Amino acid sequence: MSANTTPVPVPRAETIKFWEGCKDGEFRLQKCDDCGKVIFYPRAICNQCMSQNISWIKSSGKGEIYTYSIHHRGATPAFKTPYVVALVDLEEGVRVMTNIVGCDVNDVKIGMKVSVVFEPLTDDISLPKFQPA
């Protein structure tokens, strides 16, 4: 990978349906069929009851910024600065780490309502990011 190439996630067995959803413009979450817990990040078993009976659901893609950080130096030159890394609480009750896009970094606020958007990286991988709702 060259220094100016954005890192591309590599799907695993537990995450393939998540990445397929992102490619199709859907933010997918897992839900335990036994205890009902909504799960994020994708995994093979429920982190609440350890059940392997897990289904996939489509998220509303709506949430609220729990906290954030403005980065003025990227991990590699592929990360154009400044950018925002945030924890977003989704309506479904899970918290995700993401980037906030579509606004000036100085306009980002805790409690801001956001919705998912997708940034295509390759023909198969699109990154979920969030923008002001």
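A.B. asks: I'd like a description of the pattern of salt bridges, backed by residues and values.
C.D. replies: Applying the stated criterion across every chain, the model contains 7 salt bridges. Among the ionic pairs, Asp124 bridges to Lys23, the shortest N-O distance being 3.5 Å. Taken together, the positions of Asp124 in the loop between strand S7 (113–120) and strand S8 (126–132) and Lys23 in helix H1 (residues 16–23) put the pair 101 residues apart, joining distant regions of the chain. The exposure class of Lys23 is partly exposed, given its relative accessible area of 45%. With a shortest N-O distance of 2.7 Å, Glu64 and Lys113 are connected by a salt bridge. Residue Glu64 is found in strand S4 (residues 62–71), and its partner Lys113 is found in strand S7; the two are separated by 49 residues along the sequence.

Calculation notes
- Residues numbered from 1 in each chain as written.
- Predicted model: local features only at pLDDT ≥ 70, side-chain atom pairs only at ≥ 80, totals over all residues.
- Heavy atoms only, no water.
- Salt bridge = Lys/Arg side-chain N within 4 Å of Asp/Glu carboxyl O.
- Helix = DSSP H or I, 4+ residues; strand = E, 2+ residues; numbered from the N terminus.
- Buried < 20%, exposed > 50% of the residue type's maximum accessible area, 1.4 Å probe, protein only.

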